[in-house]
Amino acid sequence: MPKVSLTVNGKPVSVEVENRTLLVEMLREQLRLTGTHVGCDTSQCGACVVHVNGASVKSCTILAVQCEGTEVLTIEGLAAPDGTLHPMQEAFREYHALQCGFCTPGMVMSAIDLVQRNPQGLSDREIREGLEGNLCRCTGYHNIVRAIAAAQVVMHGKASELPRAAE
Amino acid sequence: MRMRKSAASTPARSAPGVIAVFTGADMAAEKIGVLPCSWQVKNKDGTPIAEPPHPVLAISKVRHVGDPVAVLVAETKPQARDAAERIASEWEVLPALASMEAALDAGAPLVHDEVPGNLCYDWHLGDEGAVDAAFAKACKVARLELFNNPLIPNAMEPRCAVGDYDAATGDYTLWTTSQNPHVIRLLKGAFVLNVPEHTLCVFAADVGGGFGSKIYHNAEEAIVTWAAGKLKRPVKWTADRTESFRSDMPGRDHVTQAKLALDDQGRFLALRVRTLANMGAYLSSFAPCVPPYLSATLLAGVYTTPAIYAELKAVFTNTGPVDAYRGAGRPEATLLLKRLVDIAAHEMGMDRVEIRRRNFIPKDACPYQTPAALQ
Ligand code: FES
Ligand code: FES
C-alpha cells in the first residue's frame, strides 16, 4: 500500500492508504478527524471541504495520494491552540449561522478561502455565488451569508472586533 | 428490469477477499420468507388489499432503483466494493412507471403480475350522501389540487446492521440502527428467517436520525442475520450516502384533489377529498396505513366541518417503497386543510384568521367527535 506523507493541521503525518483512498476517508477513518463531514458521495454537498495548500477542496473528490507533501487544514485546525476561535467560526456562532451543524465545517472552510481570495470585499450576492458548492438543508443560508459578511471585515483587518449581530 | 442472467455465477465470487455471494434464489432455496407488511387495510367492498410478495433480494424482476439483487460478503469494505462491481448479471429493461396516474392507466404495464391495474387498495371514509347534499346547497366551493411530493429522509447517520450467530447455542444477534427493535425481532423471526423468536436478540444502540425512516423491517437486517448464520461469522453492513438515497423509504407522495363547501358566512359545510397515494414497488412495513388511518382521519383538523368524505387509491409504481415519515400522514392532511382554508378565505374576500375563528371546534364542545376521526 502506498504511503502518503503530509502536514495535517500543522503536524507532519505519514499514513498507509489504498490507491483509491479519498482524502476524506483518510482524515476521518485513519486520522480520526471526524469534524470533516460526508454529506453525499457525488461531490455535491461541500460538507467535506478542507484546505489543501490554502485552497478549499472537496476532500471527497481528491485522492489521499494526491496530497503527498501538501499542507492540509481541517476544521479541527482552525482555532488557536488556546481555543480562541477563528473569526469565521466566531461569526458563525455570533450570527447563528447553523442549526444542525452538519454542513458547517465545509461552510466555514469554503467561506475562509472565499474571503481570502477576495481582499476587496464581497457583496452578499457574491458570497451567495461563492457558496454554490455548499449545501445546507437547515438554515436557508441567510445567516450564513451574514456571518461571512461580518467575518470578512475582521479577516481583512478593517475592524478588530466582529460586528455584533442585532438582538 | 428482468434478470436474464443471475448474479449466482458471477466472477465476483473469485475476487480477492470475497467470502460469499448470495442471491435471492439462494435465499428462497433456504425457505427464507418475504418482508411482511404489518398493517393492513380493507378495500371499500371489504376485501383485503393486494399484498404482493417483497423478497428480501429481488429474484427475477427488479422493480425499483435500489431493489437489492445480491449480497456480497468480503473481508474488507474496499474488497467488497471492488468485487461488487464484478457482479455480472444481465438485464432486460422493462417499461417502468414513475407516476401514479400512468400506473392507473388502462393497459399500463404491471409492477406485479398478480396485481391488476397496479391498484393496491381502494378505500373510503365518511358519509358521501351527506357531503353531496351539503355541496348542493353551498354558496361557495373552494378547490385545491396538491402534490405532496415524496421526500428522502437521508439521516446524517446512514442505516447499518451487524449480524452475529452463536453456533454453540444457535442464537442470533442483530445490532441495528432501528427505532423499532421489538417489532423487527418479531417480523424477522416469524416471517422472514422462520426461526423462533427466543433465538433472536436485537439491539438498537446508536440509532441516529430516524423520524420513521428507521422504523421498518429492512431487508439488510434480515440479510446480515441470516448470512452470519450461514458463514458462522459476524457480518456487517453500513449504507453509504447513495445507498441511503436509494434504499431508505421515502415519505409522503400523495396527489390530492380537495373541495370545501361553505355557506355565505364562511362556515364549512362539507369537505370532499380524493387522494392517490404511492406505495412504490412493494409494501413497506406500515405503508398502507399512512394515507387512510394516519391522514384521512385527520381531515377535520380543528374545525367543525359536519360532513367529510375521503376517497383513496393506493397505487403500485416503480419507485422505491414509500412509508411513514415524520408525522406520517398527519402533515399531509394538515397542509391540505390549511391551504384549502386559505384559498376559501381569499376567494370569499375574508380574513384568514376570521374564517378559522368561525369554524373552530369550541372549547366547551370537547371531547368532540369529528366525522373523520375513527371512534
Ligand atoms: S461529501 Fe458531499 S461534496 Fe464531498
Ligand atoms: S446547518 Fe444543518 S445542514 Fe446546514
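Here the structure is a predicted model, which is why all the values come from computation and not from measurement.

Details of the domain arrangement of chain A
All names here are of chain A.
Okay, step 1: Entries for chain A in the domain assignment read domain 1 (3-77) and domain 2 (87-155).
Okay, step 2: Taking only C-alpha atoms into account, the centre of domain 1 sits 21 Å from that of domain 2.
Okay, step 3: Each partner contributes residues to the interface: domain 1 has 18 residues there, and domain 2 has 14 residues.
Okay, step 4: In total, about 1200 Å² of surface goes out of reach between domain 1 and domain 2, with carbon and sulfur atoms giving 59% of it.
Okay, step 5: Counting the contacts that link domain 1 with domain 2 gives zero salt bridges.
Okay, step 6: Taken together, domain 1 and domain 2 are joined by six residue pairs in polar contact (both at pLDDT 80 or more).
Okay, step 7: For the side of domain 1 that touches domain 2, the secondary structure elements donating two or more residues are β3 (49-52) and β4 (55-58).
Okay, step 8: When grouped by side-chain class, the residues that make up the side of domain 1 that touches domain 2 number eight nonpolar, nine polar and one charged.

Regarding helix α1 (residues 23-30) of chain A
All names here are of chain A.
Okay, step 1: Along α1, the positions that sit buried rather than exposed are Leu23, Val24, Met26 and Leu27. Buried residues in α1, looked at end-on, bunch into an arc of 165°, giving them a common side.
Okay, step 2: Taken together, the buried residues of α1 touch β1 (3-8), β2 (11-16), β3 and β5 (71-73).
Okay, step 3: Remark: arginine 32 follows α1 within two positions and exhibits a positive phi of approximately 60°.

Here's the deal with the confidence of the model for chain B
Okay, step 1: Overall, the predicted model of chain B reaches an average pLDDT of 93, with 99% of residues at or above 70.
Okay, step 2: Of the two predicted TM-score estimates for the complex, the pTM is 0.89 and the ipTM is 0.78.

Things to note about the interface of chain A and chain B
Okay, step 1: Tallying the contact residues gives eleven residues for chain A and ten residues for chain B.
Okay, step 2: Of all residues in chain A, the largest losses of buried area upon contact with chain B belong to Arg20, Asp41 and Arg137 of chain A, amounting jointly to 52% of the total for that side.
Okay, step 3: For the pair chain A and chain B, the interface holds one salt bridge.
Okay, step 4: Its residues assigned to classes, the side of chain A that touches chain B shows four nonpolar, one polar and six charged.

Looking at the sheet that holds strand β8 (residues 171-176) of chain B
All names here are of chain B.
Okay, step 1: As summarised here, the arrangement of the four strands in space is β9-β8-β7-β10, forming an open sheet in which the pairing is mixed. Across the chains shown, the open sheet's two edge strands, defined by having one partner strand only, are β9 (200-203) and β10 (235-238). The sheet shows a mean angle of 15° between the axes of neighbouring strands, taken without regard to direction.
Okay, step 2: Pairing between strand β7 (residues 160-166) and β8: six bridges, direction antiparallel. Looking at the pairing, tyrosine 165 lines up with tyrosine 172 of β8.
Okay, step 3: Here helix α5 (residues 181-192) sits on the sheet in contact with β8 and β9, set at roughly 145° to β9.

Cut-offs used in this document
- Every chain's residues receive numbers from 1 upward, in the order its sequence appears when written.
- Note on labels: chains are lettered from A, ligands numbered from 1, in written order.
- Under the rules for a predicted model, residues below a pLDDT of 70 receive no local features and side-chain atom pairs below 80 are neither given nor counted, while totals for whole chains, interfaces and linings still include all residues.
- With hydrogens and water stripped out, all remaining heavy atoms of the structure feed into the side-chain values.
- Bear in mind that the domain bounds are from an automatic or database domain assignment.
- Here, residues are in contact when the closest pair of their heavy atoms is within 4.5 Å.
- Buried area: the accessible surface (1.4 Å probe) lost by two parts on joining, summed over both.
- The term salt bridge refers to a pairing of a side-chain nitrogen on Lys or Arg with a carboxyl oxygen on Asp or Glu at a separation within 4 Å.
- Counted as a polar contact is a pair of N or O atoms within 3.5 Å, where, for protein atoms, one must be capable of donating a hydrogen and the other of accepting one, and residues adjacent in sequence contribute only when both atoms are in side chains.
- Each helix is a run of DSSP H or I of at least 4 residues and each strand a run of E of at least 2, with the numbering of both proceeding from the N terminus.
- Classes in brief: Ala, Val, Leu, Ile, Met, Phe, Trp, Tyr, Cys and Pro nonpolar; Asp, Glu, Lys and Arg charged; the others, Gly included, polar.
- Accessibility here uses a 1.4 Å probe with only protein chains present; expressed as a share of the type maximum, an area under 20% marks a residue as buried, one over 50% as exposed, and anything in between as partly exposed.
- Arc definition: directions from the helix axis to the C-beta atoms.
- pLDDT: the predictor's confidence for each residue, scored from 0 to 100.
- If DSSP finds at least two bridges between two strands, the strands pair.
- Lines fitted to the C-alpha atoms define the axes, with helices restricted to the stretch that makes contact. Angles between their N-to-C directions range from 0 to 180 degrees.

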